[in-house]
Amino acid sequence: MSKPAVLVARAVFPEVLERLSQHFEVSSNQADDTWSADELAARLAGQQGVFTTASERIDAALLARCPELKIAANMAVGYNNFDLDAMTARGVLATNAPDVLTETTADFGFALLMATARRIAESEHYLRAGQWTKWSYDLFAGSDIHGATLGILGMGRIGQGIARRGAHGFGMDVIYHNRSRLTPALEAECKARYVSKEELLRQADHLVLVLPYSAASHHAIGAAELAQMKPTATLVNIARGGIVDDAALAAALRGKRIAAAGLDVFEGEPAVHPGLLTVPNVVLTPHIASASVPTRLAMANLAADNLIGYLTQGKPLTPLNDAVLAKG
Ligand code: GLV
């Protein structure tokens, strides 16, 4: 029997490609070329599976051109690159890569928070530029992490990881807002108190965004929300671009409406709003929150396991649209 055909749309660990080729006829993109939607659709013709990252959009227009496609496996926990309704309507299974990145991403959220609040990037640029001539009492004085109020918007697994680090590691007072409230047991474990979004904005010394992107969360933090935050507050976004109105944030940072921001994700990335590139009080990283070598390998292997499980036995590990499985 011939092996199913699978396209790996981006460069990936060679050992993961090797695993996939034990089960599939694999077409790959190890040069990591950037494909247009049209090119992706052309390359997907005749393929039963596709290995995607959060950059490849799978929507109705693409699916109409790829009638043989059965599964798209995302090497990401976020899946706003998938039009899930269109995939379900076409009987195409969607899978993501949850859990394996939770702790690594929470570590990074904390690293970005600390770099931002304690002005590590800004002071490093100053030193490298040869501007450091003497010690002074207020040189790059920032805000404290320990004992401060940590606000978390979006309290899924990663939000909970950040809450635990803040509460147990740094003695922070943790408040959160989420679509649904955690169970009392989880709230106790995270030492986190549920508040309204308005209270969160008003009370947080440091606000970390960890909610999924959707039409409902588009510009969840815009000029009106930034205006409600403390002028001394730090904002960290490790969720998705588009949750923050980057133009409004650049203006708020320039006007010192809030003290500082740490951003790993951007509207329209890899492009970055020019206003953010020219303000000093922002730390910018290129969407690397899950990027430890073991975690990226675990994410790639989970995406591969979803392809192997579904296309060889009908059993994916982390399906997103179970309705496709129910239809058989
Ligand atoms: C990364 O952004 C992910 O969603 O895994």
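Here we summarise the structure given alongside this text. (Residues numbered from 1 in each chain as written. Predicted model: local features only at pLDDT ≥ 70, side-chain atom pairs only at ≥ 80, totals over all residues. Heavy atoms only, no water.)

Structural notes on the side chain of arginine 240
If you trace the backbone, arginine 240 turns up in the loop between strand 10 (234-237) and helix 11 (246-254). One buried charged residue, arginine 240, forms no salt bridge at all, with the nearest opposite charge on glutamate 269 at 6.4 Å. Residues in contact with arginine 240, not counting those within four places in the same chain, are Ala54, Ala76, Gly78, Asn80, Tyr213, Val265 and His287. (Helix = DSSP H or I, 4+ residues; strand = E, 2+ residues; numbered from the N terminus. Buried < 20%, exposed > 50% of the residue type's maximum accessible area, 1.4 Å probe, protein only. Lys, Arg positive; Asp, Glu negative; His and termini not counted. Salt bridge = Lys/Arg side-chain N within 4 Å of Asp/Glu carboxyl O. Contact = heavy atoms within 4.5 Å.)

Thoughts on the sheet that holds strand 5 (residues 93-95)
What the five strands build is an open sheet, ordered 2-1-3-4-5; its pairing is parallel. Only two strands of the sheet have a single neighbouring strand rather than two, namely strand 2 (25-27) and strand 5. Neighbour-to-neighbour, the strand axes of the sheet open up by a mean angle of 15°, direction not taken into account. The pairing of strand 1 (residues 5-8) with strand 3 (residues 49-52) spans three bridges and is parallel. Residue pairing in the sheet places leucine 7 in a bridge with valine 50 of strand 3. On the sheet, helix 1 (residues 14-23) packs against strand 1, strand 2 and strand 3 and is oriented at approximately 145° with respect to strand 2. (Pairing = 2+ DSSP bridges. Axes fitted to C-alpha atoms, helices over the stretch in contact; angles between N-to-C directions.)

Observations regarding the pairing of strand 7 (residues 173-177)
Of all five residues in strand 7, four are buried, a share of seventy percent or more. The handedness of the strand 6 (residues 149-153) to strand 7 crossover, carried by helix 7 (residues 157-170), is right-handed. Bridge count between strand 7 and strand 8 (residues 192-194): three bridges; the pairing is parallel. The partner of tyrosine 176 across the bridge, within strand 8, is tyrosine 194. (Right-handed = clockwise from strand over helix to strand, strands pointing away.)

As for the pairing of strand 6
For a regular strand, side-chain orientation follows a simple rule: the groups alternate between the two sheet faces. Across the five residues of strand 6, five count as buried, placing the element largely inside the fold. Where burial is concerned, the two faces of strand 6 agree: the one with Thr149, Gly151 and Leu153 and the one with Leu150 and Ile152 are both buried. By the bridge criterion, five bridges tie strand 6 to strand 7 in an arrangement that is parallel. Considered in strand 7, the bridge of isoleucine 152 is made with tyrosine 176.

Considerations on the nonpolar core
Formed by 52 residues in total, the largest nonpolar core has its most connected members in Leu20, Phe51, Leu150, Ile152, Ile162 and Ile238. Of all the secondary-structure elements, those providing two or more residues to this core are strand 1, helix 1, strand 4 (71-74), helix 5 (102-117), strand 6, helix 7, strand 7 and helix 13 (293-313). The element contributing the most residues to this core is helix 13, with nine residues. In this view, leucine 150 contacts Phe110, Leu113, Ile162, Gly166, Met172, Asp173, Val174, Ile175, His206 and Val208; residues no more than four positions away in its chain are not counted. Of all hydrophobic cores here, the second largest spans 30 residues; its members include Leu200, Leu211, Ala233 and Leu253. (Core = buried A, V, L, I, M, F, W, Y, C linked by side-chain atoms within 4.5 Å.)

Overview of the pattern of salt bridges
With the rule as written, the count across this model stands at 16 salt bridges. The shortest N-O distance in the salt bridge between arginine 10 and aspartate 32 comes to 2.7 Å. Of this pair, arginine 10 sits in the loop between strand 1 and helix 1 while aspartate 32 sits in the loop between strand 2 and helix 2 (37-44), placing them 22 residues apart in sequence. The partly exposed category is assigned to arginine 10, whose relative accessible area is 23%. The shortest N-O distance in the salt bridge between arginine 165 and glutamate 103 comes to 2.8 Å. Of this pair, arginine 165 sits in helix 7 while glutamate 103 sits in helix 5, and the two are 62 residues apart along the sequence. In this structure, a network of salt bridges that share partners links the residues Glu103, Asp107, Arg164, Arg165 and Glu189.

Some thoughts on helix 2
Of all the positions in helix 2, only Leu40, Ala41 and Leu44 are classed as buried. When helix 2 is viewed along its axis, its buried side chains cluster within an angular range of 100° and face the same direction. Elements in contact with the buried residues of helix 2: strand 1, strand 3 and helix 3 (60-64). At the exit of helix 2 stands glycine 46, carrying a positive phi of roughly 80°. (Arc of directions from axis to C-beta.)

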